[in-house]
Amino acid sequence: MRPPGLILAGGRSSRMGANKALLPLGDKSVLGHVIGRLTPQVSDLAVNANAPFPGFENYRYLADDLAGQLGPLAGILTGMRHYSRQLAEASHFASAPCDSPFLPSDLVPQLSAVCPDPETIVIATSLERRHPVFGLWPIALAEDLEHWLTDSDNRRINAFLNRHRTVTVDFPSLQTRRGMLDPFFNINTPEELTQAAAFTEILE
Ligand SMILES: Nc1nc2c(ncn2[C@@H]2O[C@H](COP(=O)(O)OP(=O)(O)OP(=O)(O)O)[C@@H](O)[C@H]2O)c(=O)[nH]1
């Protein structure tokens, strides 16, 4: 059974200076590519952001449960709370950020294939780096994550992972006519948007 999915889009895009999810890349916006890649992989899709994005009004938006721009873990907590209410049968939900248009088309099946039990976090890696915003998150960790975010100053996602059983799945670089590309390449700056534009051939 496919898990539900959440696109993390609750950040400030301060390095870009404009909502990076809505910037054009080839024939769609960055977010349009992420939605296109993720939709077939999940049973349900919601967007974590404080208000609907123009052009994407038809999606379900989840504002952070905790105020104060606490980083991506606040979005993960929001997803855990939402899916524990909406889908009692789901043990995990899948997350991906709004700024990674080349994400693997088999991301969620590959993460799900190694998921051993309802309490283990499953995270993607590439080129020997962990990418915790691409993960399968146990809904059962909601209480612990809420305490972690409200009781400590440490909001780093890797620190939270170190508290829990975590397994990883490695994804290879993509071969393109322009050379190899990390499937988790994300667009934070105008320069990275220009770099990504060189690889639109591999986007549908
Ligand atoms: N819900 C939520 N998501 C966040 C928050 N901060 C960042 N994110 C998301 O986490 C992912 C990684 O965020 P970053 O790229 O590091 O930060 P950003 O705020 O989007 O961009 P910068 O302001 O340029 O750092 C993105 O998908 C963001 O949308 C937050 O406070 N709440």
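Residues numbered from 1 in each chain as written. Predicted model: local features only at pLDDT ≥ 70, side-chain atom pairs only at ≥ 80, totals over all residues. Heavy atoms only, no water.

A. Structural context of the environment of T125. Within the secondary structure layout, T125 lies in strand β7 (residues 121–126). Under the relative-accessibility criterion, T125 is labelled buried at 10%. The spacing of T125 and P172 is 47 residues in sequence and 8.9 Å in space, taken between C-alpha atoms. Sequence-distant contacts of T125, that is, excluding residues within four places in its chain, are made with R130, H131, T168, V169, D170, F171 and F184. (Helix = DSSP H or I, 4+ residues; strand = E, 2+ residues; numbered from the N terminus. Buried < 20%, exposed > 50% of the residue type's maximum accessible area, 1.4 Å probe, protein only. Contact = heavy atoms within 4.5 Å.)

B. Spatial organisation of the packing of aromatic side chains. The final tally for this structure, using the stated rule, is eight aromatic pairs. Summarising the aromatic geometry, the rings of Y83 and F93 are spaced 6.0 Å apart at their centres and angled 35° between planes, so their arrangement reads as tilted. Of this pair, Y83 sits in helix α2 (residues 72–86) while F93 sits in strand β6 (residues 92–97); the two residues are 10 residues apart in sequence, bridging distant segments of the chain. Residue Y83 shares its accessibility class with F93, and that shared class is buried. On the basis of an interplanar angle of 55° and a centroid distance of 4.5 Å, the ring pair of F134 and F184 is categorised as tilted. Taken together, the positions of F134 in strand β8 (residues 129–138) and F184 in the loop between β11 (179–181) and α6 (190–197) put the pair 50 residues apart, joining distant regions of the chain. For the pair F134 and F184, one class covers both residues: buried. (Phe/Tyr/Trp six-rings, centres within 6.5 Å; stacked < 30°, edge-to-face > 60°.)

C. Quick peek at the site of the ligand. Inspection of the region around the ligand gives 20 residues, with L8, R12, S14, N48 and D64 positioned closest. Between the ligand and the protein, one listed contact pairs an oxygen atom with a backbone N or O atom of L8 at 2.7 Å. Between the ligand and G71, the relevant distance is 2.9 Å, taken from an oxygen atom to a main-chain nitrogen or oxygen of the residue. Burial of the ligand by the protein chains amounts to 86% of its free accessible area of 600 Å². Using a 2 Å cut-off from the grid points, one finds that the ligand occupies the largest pocket. Looking at the shell around the ligand residue by residue, the class counts come to six nonpolar, nine polar and five charged. (Near = heavy atom within 4 Å. Polar contact = N/O pair within 3.5 Å; in protein donor to acceptor, adjacent residues only side chain to side chain. Areas by Shrake-Rupley, 256 points an atom, 1.4 Å probe, with all protein chains shown as cover. 1 Å grid on protein atoms, 1.4 Å probe; cavity = no way out; pocket = protein on both sides within 12 Å on 5 of 7 lines; lining within 4 Å. Sits in = over half its atoms within 2 Å of the grid points. Nonpolar A, V, L, I, M, F, W, Y, C, P; charged D, E, K, R; others polar.)

D. Geometry of the layout of surface pockets. The computed volume of the largest pocket comes to approximately 1,200 Å³. Forming the boundary of the largest pocket are 42 residues, of which R15, K20, P72, D99 and N188 lie nearest the centre. If you list the elements that add at least two residues to the lining of the largest pocket, you get α2 and β8. No other element matches β8, which puts six residues into the lining of the largest pocket. Looking at side-chain class alone, the lining of the largest pocket contains 17 nonpolar, 14 polar and 11 charged residues. In terms of lining, the second largest pocket is formed by M1, R2, P3, P4, E89, A90, S91, H92, S112, C115 and L136. (Points joined across faces, edges and corners; volume = space filled by probe spheres on them.)

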